[in-house]
Amino acid sequence: KQEVTQIPAALSVPEGENLVLNCSFTDSAIYNLQWFRQDPGKGLTSLLLIQSSQREQTSGRLNASLDKSSGRSTLYIAASQPGDSATYLCAAGSSNTGKLIFGQGTTLQVKP
Amino acid sequence: NAGVTQTPKFQVLKTGQSMTLQCAQDMNHEYMSWYRQDPGMGLRLIHYSVGAGITDQGEVPNGYNVSRSTTEDFPLRLLSAAPSQTSVYFCASSYGGKGNEQFFGPGTRLTVL
């Protein structure tokens, strides 16, 4: 059974720092790996999707990597800003049917 | 495009009442799914559908029914609400084969007394 873990559960950094959020999964036979952002009381916003054949994806200040052999993905945020404060969730897709297994999330606070 | 829409935004039910959470998408997505989000448990899949007329169970299907009569709509029915169903419910959709990026609705916050 696929299990997804995110460490740390919470992170507080000063503005301008580069930071890495970690996501690990137990079953390497994933279809894709998706990173989401969730603001308090809101829905999930898709940030990056990495397909199983890819190693990384980039969007602006965000870069996500995928290493299936080690069961790990990282989300790198460059030059963090207070507006980046949110909960970041990773989710592993086990097939192309839309089924996702989520981690518990990392709550990020970027202090001005 | 409105994307994925959900109604209502908030709902309070008494134990034993029934209700339907609505979900619609205007992106012609084949795949739709329902998740619930609970503190300490993360998001868990309730039911999903790979196309009109086809549904299947996820991790936590008990107490919920779904049907998919059109591509656009995927309602979630609570037949007899229980306090354990107090949660935030999210609907999601995707193209499926095209990389399968999931798009989520804004959620319905349900309280069962």
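Summary of the structure given here. Note that the coordinates shown come from a computational prediction; the quantities given were computed from them, not determined experimentally.

Right, let's get into unusual backbone geometry. The amide bond that connects Ile7(A) to the next residue, Pro8(A), takes the cis arrangement and shows omega of 5 degrees. Among the secondary structure elements, Pro8(A) is positioned in the loop between β1 (4-7) and β2 (10-14). The peptide bond linking Thr7(B) to Pro8(B) adopts the cis configuration, its omega dihedral lying at -5 degrees. Note on placement: Pro8(B) falls in the loop between β1 (4-7) and β2 (10-13). The backbone phi angle of Ala79(A) is positive, close to 45 degrees, even though this residue is not glycine. Tracing the chain through its elements places Ala79(A) in the loop between β8 (72-77) and β9 (86-93).

Moving on: the pattern of salt bridges. All names here are of chain A. For the structure on display, the rule yields 4 salt bridges over all chains. In this structure, Asp-39 engages Arg-37 in a salt bridge whose closest nitrogen and oxygen atoms are separated by 3.0 Å. Judged by relative accessible area, which is 27%, Asp-39 ranks as partly exposed. Judged by relative accessible area, which is 17%, Arg-37 ranks as buried. Close ionic contact of Arg-61 with Asp-84 constitutes a salt bridge, the shortest N to O distance being 2.8 Å.

The subject of this paragraph is the environment of Lys42(A). The residue Lys42(A) is located in the loop between β4 (32-38) and β5 (44-51) in this model. The class of Lys42(A) is exposed, set by a relative accessible area of 52%. Counting along the chain gives 33 residues from Lys42(A) to Ala9(A), while the straight-line C-alpha distance between them is 19 Å. Excluding anything up to four places from it in sequence, Lys42(A) contacts Phe90(B) and Pro106(B).

Another aspect to go through is the pairing of β4(A). Residue and element names in this part refer to chain A. Within β4, 7 of the 7 residues are buried, leaving the element largely enclosed by the surrounding structure. Taking every second residue as pointing to the same face, both faces of β4 are buried, with Asn-32, Gln-34, Phe-36 and Gln-38 on one and Leu-33, Trp-35 and Arg-37 on the other. When β4 meets β5, the two strands line up antiparallel, connected through 7 bridges. Bridge pairing links Asn-32 to Gln-51 in β5. Where β4 folds back on β5, the antiparallel hairpin that results is connected by 5 residues, among which Gly-41 adopts a positive phi of roughly 75 degrees. Pairing analysis gives 7 bridges linking β4 to β9, with the strands arranged antiparallel. What sits directly across from Gln-34, in β9, is Ala-91.

Calculation notes
Residues numbered from 1 in each chain as written. Chains lettered and ligands numbered in written order. Predicted model: local features only at pLDDT ≥ 70, side-chain atom pairs only at ≥ 80, totals over all residues. Heavy atoms only, no water. Helix = DSSP H or I, 4+ residues; strand = E, 2+ residues; numbered from the N terminus. Salt bridge = Lys/Arg side-chain N within 4 Å of Asp/Glu carboxyl O. Buried < 20%, exposed > 50% of the residue type's maximum accessible area, 1.4 Å probe, protein only. Contact = heavy atoms within 4.5 Å. Pairing = 2+ DSSP bridges.

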